[in-house]
Amino acid sequence: NEKVLESIEKTRNVITIEDGILRSGLATTVNELIIKNKILDVHIENFGYDDKFVKHGSVSELEKINGLDAKDIAKKWVKSVEYASSGVING
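Residues numbered from 1 in each chain as written. Predicted model: local features only at pLDDT ≥ 70, side-chain atom pairs only at ≥ 80, totals over all residues. Heavy atoms only, no water.

Sorry if this is basic, but what is going on with the nonpolar core here?
Note that soluble globular proteins tend to have their nonpolar side chains buried in a common cluster. In this structure, L5, I8, V14, V30, L33, I34, I39 and V42 together form the largest nonpolar core, which totals eight residues. When residues of this core are traced back to their parent elements, those giving at least two are α1 (2-11) and α2 (26-36). Top element by residues in this core is α2. It accounts for three residues. Excluding its chain neighbours within four sequence positions, the residues that come into contact with I39 are L5, I8, E9, R12 and I34. (Core = buried A, V, L, I, M, F, W, Y, C linked by side-chain atoms within 4.5 Å. Buried < 20%, exposed > 50% of the residue type's maximum accessible area, 1.4 Å probe, protein only. Helix = DSSP H or I, 4+ residues; strand = E, 2+ residues; numbered from the N terminus. Contact = heavy atoms within 4.5 Å.)

Now the structure itself:
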């Protein structure tokens, strides 16, 4: 936890990517760590599956359907960082 906290304090940016549902996963753990340690003004993006029925298919098909392939994640992250940098989120 110490290294994760050091990184969050230093960068003020967090991205979690998991091959599972977001609820009770890595995203939840990291977000709770931020809250517990009262770290403010952190830009957070969590990528993972919603807590709903997931269609069957190959891993690459499921990632594409759910916006979890590398291209979609990169595009969403860049857009999110640009939005946060505009001052709207951290205003």
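What's the story with a positive patch on the surface in this structure? I'm lost.
On the surface, K71, K75, K76 and K79 cluster together to form a positively charged patch. Relative to the elements of secondary structure, K75 occurs in helix α4 (residues 70-85). For K75, a relative accessible area of 55% puts it in the exposed group. (Patch = residues over 30% accessible without salt bridge, like charges linked within 9 Å, V, L, I, M, F, W, Y side chains within 5 Å. Areas by Shrake-Rupley, 256 points an atom, 1.4 Å probe, with all protein chains shown as cover. Salt bridge = Lys/Arg side-chain N within 4 Å of Asp/Glu carboxyl O. Lys, Arg positive; Asp, Glu negative; His and termini not counted. Charge placed at Lys NZ, Arg CZ, Asp CG, Glu CD.)

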